[in-house]
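# Structural characterization, general
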Amino acid sequence: MSIKIDDKSCVKCGVCEIQCPFGAIEMVGENMTITEKCTLCGACLDVCPVEAITRETIKTVTSMEKSDYHHVWVFIELHNGVPRNVGLELLGQGRLLADENKEKLVGVIIGEGSQKVANSIFNYGADEVIIVEGPQYGVYNTEVYTHVMATLIEKYKPATILIGATNNGRDLGPRVACRVKTGLTADCTDLGIDKETGNVEWTRPAFGGNIMATIVCPEHRPQIGTVRPNVFKKPIKDDMRTGNLISETVIIDDAKIRTRSINFIKNFDANHVNLEEAQFIVSGGRGLGKKENFEMIESLAEALSGTVGASRAVVDAEWISPLHQVGQTGKTVGPKVYIACGISGAIQHLAGMSSSDIIIAINKDPEAPIFDVADFGVVGDLTEVIPEFTKHILDYKNGTYMTRNLKNNG
Ligand SMILES: Cc1cc2nc3c(=O)[nH]c(=O)nc-3n(C[C@H](O)[C@H](O)[C@H](O)COP(=O)(O)OP(=O)(O)OC[C@H]3O[C@@H](n4cnc5c(N)ncnc54)[C@H](O)[C@@H]3O)c2cc1C
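Since the model is a prediction, treat every value here as computed from it, not as a measurement. (Residues numbered from 1 in each chain as written. Predicted model: local features only at pLDDT ≥ 70, side-chain atom pairs only at ≥ 80, totals over all residues. Heavy atoms only, no water.)

With that settled, consider the nonpolar core. Ranked by size, the top nonpolar core spans 28 residues in total, and within it Leu91, Ile109, Ile121, Val129 and Leu191 carry the most contacts. If you list the elements that add at least two residues to this core, you get β5 (72–76), α3 (85–100), β8 (105–111), α4 (114–123), β9 (128–133), β12 (190–193) and β13 (200–206). Not counting residues within four places of it along the chain, the set of residues in contact with leucine 91 comprises Val74, Ile76, Leu105, Ile121, Tyr124, Ala126 and Pro235. Counting residues in each nonpolar core, the second largest holds 26 residues, with Tyr140, Leu172, Val176 and Val180 among its members. (Core = buried A, V, L, I, M, F, W, Y, C linked by side-chain atoms within 4.5 Å. Buried < 20%, exposed > 50% of the residue type's maximum accessible area, 1.4 Å probe, protein only. Helix = DSSP H or I, 4+ residues; strand = E, 2+ residues; numbered from the N terminus. Contact = heavy atoms within 4.5 Å.)

Encoded structure:
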């Protein structure tokens, strides 16, 4: 693909030069010229008043026969033998894509004891489950998992593969895509389908989150994408639903495995910031005033057995590690309860938490946009509200809540 300026039609008005977000258009000699800074974003196409700018698409020729590829696969990642939520969420979306193209939905499980979880994958909507089982799959290993997935793809030729954008999924997806010579759209936040071509439309933030890009993989199969956890809800479980279980054995040449886990540290602090699977999240924003006030957030999170989140403003201020950031350029979360403390509710923050079941906002400004999405709101100074809130939770947990309130009431 390339962008061209037709020198004959161009009136040298300079509008494209001003509008280009990347400073990639400049006057060289007597002509407007596209420089190597161009990212092909196309912003200049819409602003040229004389339509002198065009985008040329070069048709690529591939030897791949797309019609050989069928069905939608969802990679079901296991964590301690249990499917991660994102795999189940993707079964719901996979079902929609499969139904649209009249294809089957297939869950793929690699792991130790994977047979045990196959039933629940049917319950969440899969027509078929492929399992590859064995102790060598107990701990995720890039080379082993890539080899298994590539072997299965070669044999079954799926049209689409959805993978959760977890640490392992983000590692596995590109490796597999490269191995089977296809494209991958990473870190998607929405999925659609082009009804005419059957191509999946993968949507993800681009250019630092400033625009949402919809990407297709028109020439190659399978079309692969990693999708962020918590952007889709888990489908409703149907305990009666069953399907076709396929057990596969993949032979791996041990000599080709170059990486080994020599000492696997269980639950190494990651639990503390396991925002994506947390049921309770207490998040702090700039309204905390100073880094030390994060202790209040931590105490409330601890009282709720929850996890600490943060807005980007406080991450940028280095009050807390980026691992805690919620939002468009942070984690997408979907807890039962999300408590936003001193967070204004910027659109980029909402993008990461608005699918929470219950949102509670604490903010001293009654006009703060966070109240537009909150189910419950407290207008007040968080330095007073949060400690009081924490005290009530602890009293409740210790069984002293009723007694104390009765005493207070005289
Ligand atoms: C491309 C891009 C990507 C971004 N990605 C993200 C992202 O992933 N996540 C994210 O969070 N942001 C992101 N941002 C930044 C976002 O636009 C906001 O700047 C940020 O979310 C603001 O953080 P905040 O709400 O903590 O701070 P502010 O907007 O400053 O809000 C502070 C709030 O605290 C309240 N307050 C102040 N004092 C008190 C008090 N004593 N008691 C109670 N309330 C009080 C104020 O009324 C105010 O509402 C992104 C921005 C861009 C441009």
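From this point, the discussion proceeds with the structure in view.
Within the open sheet, the five strands sit side by side as β18-β17-β19-β20-β21. Their pairing is parallel. Of all the strands in the sheet, the pair left with one neighbour each is β18 (307–310) and β21 (376–379). Taken over all neighbouring pairs, the strand axes of this sheet differ in orientation by 20° on average, direction set aside. With respect to the sheet, helix α7 (residues 294–303) is in contact with β17 (280–284), β18 and β19 (337–341), its orientation differing from that of β18 by roughly 140°. (Pairing = 2+ DSSP bridges. Axes fitted to C-alpha atoms, helices over the stretch in contact; angles between N-to-C directions.)

The immediate surroundings of the ligand are formed by 26 residues, with Ser311, Thr329, Ser344, Gln348 and Asn363 found nearest. The side chain of glutamine 348 places a nitrogen or oxygen atom 2.8 Å from an oxygen atom of the ligand. Listed by contribution, the elements that provide at least two residues to the shell around the ligand are α8 (312–316) and α9 (347–353). Classifying every residue of the shell around the ligand by side-chain character gives five nonpolar, 16 polar and five charged. (Near = heavy atom within 4 Å. Polar contact = N/O pair within 3.5 Å; in protein donor to acceptor, adjacent residues only side chain to side chain. Nonpolar A, V, L, I, M, F, W, Y, C, P; charged D, E, K, R; others polar.)

Moving on, we get to the pairing of strand β20 (residues 358–363). Residues in a regular strand project their side chains so that they alternate between the two faces of the sheet. Counting buried positions over the six residues of β20 gives five, a clear majority of the element. For β19 and β20, the ladder comprises five bridges, and the chain directions are parallel. Within the sheet, the bridge partner assigned to cysteine 341 lies in β20 and is isoleucine 362. Pairing of β20 with β21 involves four bridges; the strand directions are parallel. Within the sheet, the bridge partner assigned to isoleucine 362 lies in β21 and is valine 378.

Turning to helix α5 (residues 142–156), a few remarks are in order. With 15 residues, α5 should cover 21 Å at 1.5 Å per step; its first-to-last C-alpha distance of 21 Å lies within 8% of that length. For α5, every residue scored as buried is listed here: Thr142, Glu143, Val144, Tyr145, Thr146, Val148, Met149, Ala150, Leu152 and Ile153. Its buried side turned inward, α5 meets β5, β8, β9, β10 (160–164), α6 (167–179) and β16 (244–248). At the N-terminal end of α5, a side-chain oxygen is found 2.9 Å from the backbone nitrogen of glutamate 143, two or three residues along, and the residue is asparagine 141. Lysine 157 sits one or two positions beyond α5 and adopts a positive phi of about 50°. (Expected span 1.5 Å × (residues − 1).)

Structurally, asparagine 123 can be placed in helix α4. With near-sequence residues (within four places) excluded, asparagine 123 lies in contact with Ile236, Lys237, Asp238, Asp239 and Arg241.

Here we take up the packing of aromatic side chains. Under the defined criterion, the tally for this structure stands at four aromatic pairs. Here the aromatic rings of tyrosine 137 and tyrosine 145 are separated by 6.4 Å at their centres, their planes lie at 80°, and the arrangement is edge-to-face. Relative to tyrosine 145, the ring of tyrosine 140 lies with its centre 4.9 Å away and its plane at 65°, an arrangement referred to as edge-to-face. Per residue, the accessibility class of tyrosine 140 equals that of tyrosine 145, and both read buried. Through pairs of rings, three or more aromatic residues link up here, namely Phe75, Tyr137, Tyr140 and Tyr145. (Phe/Tyr/Trp six-rings, centres within 6.5 Å; stacked < 30°, edge-to-face > 60°.)

Moving on, we come to a negative patch on the surface. A contiguous patch of negative charge on the surface is contributed by Glu292, Glu295, Glu298 and Glu302. With respect to the helices and strands, glutamate 292 occurs in the loop between β17 and α7. (Patch = residues over 30% accessible without salt bridge, like charges linked within 9 Å, V, L, I, M, F, W, Y side chains within 5 Å. Areas by Shrake-Rupley, 256 points an atom, 1.4 Å probe, with all protein chains shown as cover. Salt bridge = Lys/Arg side-chain N within 4 Å of Asp/Glu carboxyl O. Lys, Arg positive; Asp, Glu negative; His and termini not counted. Charge placed at Lys NZ, Arg CZ, Asp CG, Glu CD.)

To continue, consider the packing of α7 against helix α11 (residues 382–398). Between α7 and α11, the least distance of the axes is 9 Å, while the angle of their chain directions is 25°. With respect to α11, the element α7 is oriented roughly parallel. Crossing of α7 against α11: the hand is left-handed. Contact with α7, carried on its side by Met296, Ile297, Ser299, Leu300, Glu302 and Ala303, involves Leu382, Thr383, Ile386, Pro387, Phe389, Thr390, Ile393, Leu394 and Lys397 of α11 and no other residues of that element. Looking at the contact of α7 with α11, its residues break down into 10 nonpolar, three polar and two charged. (Parallel < 35°, antiparallel > 145°, perpendicular 65-115°, else oblique. Left-handed = near helix turned anticlockwise from the far one by under 90°.)

Quick look at the pairing of strand β15 (residues 223–227) now. A large share of β15 lies buried, amounting to five of its five residues. Sheet topology places β10 next to β15; five bridges connect them, and they run parallel. Directly across from isoleucine 161, in β15, lies its bridge partner isoleucine 224. In terms of strand pairing, strand β11 (residues 184–188) meets β15 through three bridges, oriented parallel. Paired with leucine 184 across the bridge in β15 is isoleucine 224.

As a further point, take α7. Among the residues of α7, Phe294, Met296, Ile297, Leu300, Ala301 and Ala303 are the ones counted as buried. Summarising the contacts, the buried residues of α7 are in contact with β17, β18, α8, β19 and α11. Residue serine 305 follows α7 closely and has a positive phi angle near 50°.

Turning next to the side chain of asparagine 141. With respect to the secondary-structure elements, asparagine 141 resides in the loop between β9 and α5. According to the relative accessible area criterion, asparagine 141 is buried, its value standing at 11%. Here glutamate 143 takes part through its backbone nitrogen, which lies 2.9 Å from a polar atom of the side chain of asparagine 141. A distance of 3.1 Å separates a polar atom in the side chain of asparagine 141 from the backbone nitrogen of valine 144.

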